[in-house]
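Architecture and fold: a report
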Amino acid sequence: HSVEALARLMTPSGEVVGPAGFIARAEELGLIGRLGRQVLSTALRDSNRISAAVGRPIAVSVNFSASQVDAELPEVISDALRAAGGSCRTAGAGTD
C-alpha cells in the first residue's frame, strides 16, 4: 500500500502545470529547496491522514530534484518526519 506525492502548479486561470513546466524555473530562481520542503511536509501530513483513515500504515514516495540532493537533505527529511509525527518514518532514499 503506497502513494506518490505529485507536485502540480495551478495558474491563476486554473490551468494545471506538471513538473516539466515549473521545476527548472524553480531551480533557476533558487526556490527548489523551499518547494521540495513544502511538498515533503504536505506528503507526510497527508500520508498520516490517509493511514488513519484506512487503519494501516502506507508508504509515500517523494521525488527530489537532483539539485536538492546535498549534505542538508537528510536533515531536511528528518525535520519533516519529526514535524509530521504520526507513524512517519524513512525507509530509503533515491532520486529521479
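Here is a short report on the structure shown in this document. (Residues numbered from 1 in each chain as written. Predicted model: local features only at pLDDT ≥ 70, side-chain atom pairs only at ≥ 80, totals over all residues. Heavy atoms only, no water.)

Section: the overall build of the protein
This is how it is decided: Secondary structure follows DSSP: runs of H or I at least 4 residues long count as helices, runs of E at least 2 residues long count as strands, and numbering of each begins at the N terminus. Three labels apply to residues, based on accessible area from a 1.4 Å probe with only protein chains included: buried if under 20% of the type maximum, exposed if over 50%, partly exposed otherwise in between. In this description, contact between two residues means that some pair of their heavy atoms is separated by no more than 4.5 Å. Reported accessibility uses the Shrake-Rupley method at a 1.4 Å probe radius. Residues are deemed covered only where the shown protein chains occlude them.
Regarding its fold elements, the protein presents three helices and four strands. When burial is assessed residue by residue, the protein has 23% of its 96 residues classed as buried. A sequence separation of at least 24 residues applies to 57% of the contacts in the protein between residues at least 6 apart. As presented, the protein carries roughly 6600 Å² of accessible surface, and 54% of it is formed by carbon and sulfur atoms.

A short note on the environment of V76
Position of V76 among the secondary structure elements: in helix α3 (residues 73-84). Along the chain, V76 and L40 lie 36 residues apart, while their C-alpha atoms are 9.1 Å from each other. Residue contacts for V76: discarding those within four places in its chain leaves R37 and L40.

Brief notes about the side chain of Q68
Stated precisely, the cut-off is as follows: A 3.5 Å cut-off defines polar contacts: any pair of N or O atoms within that distance qualifies, except that in protein one atom must be a possible hydrogen donor and the other a possible acceptor, and neighbouring residues in sequence count only when both atoms are side-chain atoms.
Mapped onto the fold, Q68 is located in the loop between β4 (59-61) and α3. Using a relative accessible area of 11% as the deciding quantity, one classes Q68 as buried. For Q68, the side chain forms a polar contact with the main-chain oxygen of I32, separated by 3.4 Å. Sequence-distant contacts of Q68, that is, excluding residues within four places in its chain, are made with I32, G33, G36 and L73.

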